[in-house]
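# Examination of the molecular architecture
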Amino acid sequence: MTDLVAEITALKQREDATILAHYYQDSEIQELADFTGDSLKLARAATQVRSKTIVFCGVHFMAETAKILNPEKRVLLPDLRAGCSLADSCPADKLRRYQEMLRSQGRRFQTVAYINSSAAVKALSDWIVTSGNAEEVVRRVPPDQEILFVPDRHLGQYLEEVTGRKMILWNGSCMVHEIFSVGDLLAQKRKLPHARTIAHPECPANIREHSDFVGGTEAMLRYVASFAEPTDFLVATEANMLWQLRTKVPRHRYHPVPGITCACNKCPHMARNTLEKLRDCLERGSPEIVWQPEFARAREVLQRSLLN
Ligand code: 13P
Ligand code: SF4
């Protein structure tokens, strides 16, 4: 492990690379990274990087977003198969047909896409949101237009609740956040009656309604930091987030909310990236995210939504 870390550090120097890692990566990857963050923070950080190469330790749509915002940089992803169940639930051709059907009915709408989507879907959209700016962006959609929100129905439903705007919701969901067990959460709450429950907005309503705070991963960090006294937190998000919470705000105790089928709640797509693959991609300069024609339109939408 120490050798591997030393190898990666040397290769990073040789290749003039910066490592960006999402909070859902294994702790040893987060420890090595130059920047860690949620989707929004990492997309913005990617635009500030000075090195020629970005190694994105996260899933495909995140690395793709970094490339779209930085066409001149080489963007590497340790495992190209690191996908996302949300992005997979919304193929661009299906979205295009659905939009055409709505238009043929005379409906006037704007499409708001969660960043957990492919570049082709982003290119078909008017706005891109992350868990960190979704509420703010939804409020920017002109009130005389309907909103088609893709692909996460739970985040969409949560946004309906907080903004009061009714939306047409795509039927996608995150395979990790959808399977938290409400029964186990209630049992944990009985055992720790003073604990606060924090949940990601990708969680279904039955988990959100038992939570004291709903927010993206960056917002969770800010929320727990606002508690001066040591507190118990029940955390309904991907399990690697607990490492980040424990490292940044160690005065509290964090308890993972278990899933229905397994107690770990690790994202299998994020887990495809390992230290070995990180070393190999730096060594070989591949897998690389290669510029695609649809990136140009996706770039306009991303810049308008995330950087302004
Ligand atoms: P955040 O933007 O809150 O980090 O969420 C990204 C993600 O993939 C959640 O499952
Ligand atoms: Fe996609 Fe869910 Fe994994 Fe996030 S945790 S990358 S939304 S599958």
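A brief structural summary. Note that the structure is predicted; figures quoted are calculated from it, not measured. Throughout, residues of each chain are indexed from 1 in the direction in which the sequence is written. Going through the entries in the order they are written, you letter the chains from A and number the ligands from 1. At least 70 in pLDDT is required for a residue's local features to be given in this predicted model, at least 80 for side-chain atom pairs to be given and counted, and no such filter applies to totals for whole chains, interfaces and linings, which use all residues. To obtain the side-chain values, all non-hydrogen atoms of the structure were used and water was disregarded.

Let us now look at the nonpolar core. One finds Phe149, Val150, Ile198, Val224, Phe233 and Tyr254 to be the most contacted residues of the largest nonpolar core, which totals 78 residues. In this text, helices come from DSSP runs of H or I with a minimum length of four residues, and strands from runs of E with a minimum of two, each type numbered from the N-terminal end. When residues of this core are assigned to their parent elements, the largest contribution, six residues, is made by helix 4 (residues 60–69). Residue contacts follow a heavy-atom distance rule, with two residues in contact if any of their heavy atoms lie within 4.5 Å. Look past the residues within four positions of Val150 in its chain and what remains in contact with it is Cys90, Leu95, Thr111, Val112, Ala113, Tyr114, Val121 and Trp170. Among the buried residues, those of types Ala, Val, Leu, Ile, Met, Phe, Trp, Tyr and Cys that are joined through side-chain atoms within 4.5 Å form a nonpolar core. Note on classification: 1.4 Å probe, protein chains only; a residue is buried when its accessible area is under 20% of the maximum for its type, exposed when over 50%, partly exposed between these limits.

A word on the layout of surface pockets. Space left empty within the atom packing is revealed by a probe, the size of a water molecule, rolled over the atoms. Buriedness of a pocket was judged along seven lines, with at least five required to meet protein on both sides within 12 Å; pockets are open sets of points on a 1 Å grid over the protein atoms alone, cavities are sets where a 1.4 Å probe fits but cannot get out, and lining residues have an atom within 4 Å of a point. Grid points are joined across faces, edges and corners, and a volume is the space filled by probe spheres set on the points. The calculated volume of the largest pocket comes to roughly 280 Å³. Lining the largest pocket are 20 residues, and of these Ser131, Gly132, Asn133, Gly216 and Ala219 sit closest to its centre. Of all the elements in the fold, those that place two or more residues in the lining of the largest pocket are helix 3 (39–46), helix 8 (134–138), helix 9 (153–163), strand 10 (213–214) and helix 12 (217–225). Note that Gly is not counted as nonpolar here; it falls among the polar residues with everything else outside the nonpolar set of Ala, Val, Leu, Ile, Met, Phe, Trp, Tyr, Cys and Pro and the charged set of Asp, Glu, Lys and Arg. Across the lining of the largest pocket, the residue classes tally to nine nonpolar, five polar and six charged.

Moving on: the pairing of strand 7 (residues 146–150). In terms of residue burial, strand 7 counts as a mostly covered element, since four of its five residues are buried. One ladder, built from five bridges, connects strand 5 (residues 109–114) with strand 7; its direction is parallel. The residue of strand 7 that forms the bridge with Phe109 is Glu146. Where strand 7 and strand 8 (residues 168–169) come together, two bridges link them in parallel fashion. Along strand 8, the bridge assignment pairs Phe149 with Leu169. When the strands point away from the viewer, a crossover counts as right-handed if the path from the first strand over the helix to the second runs clockwise. At this point the chain moves from strand 7, through helix 9, to the parallel strand 8, and the crossover so formed is right-handed. DSSP-based pairing: two strands are paired if at least 2 bridges between them are found.

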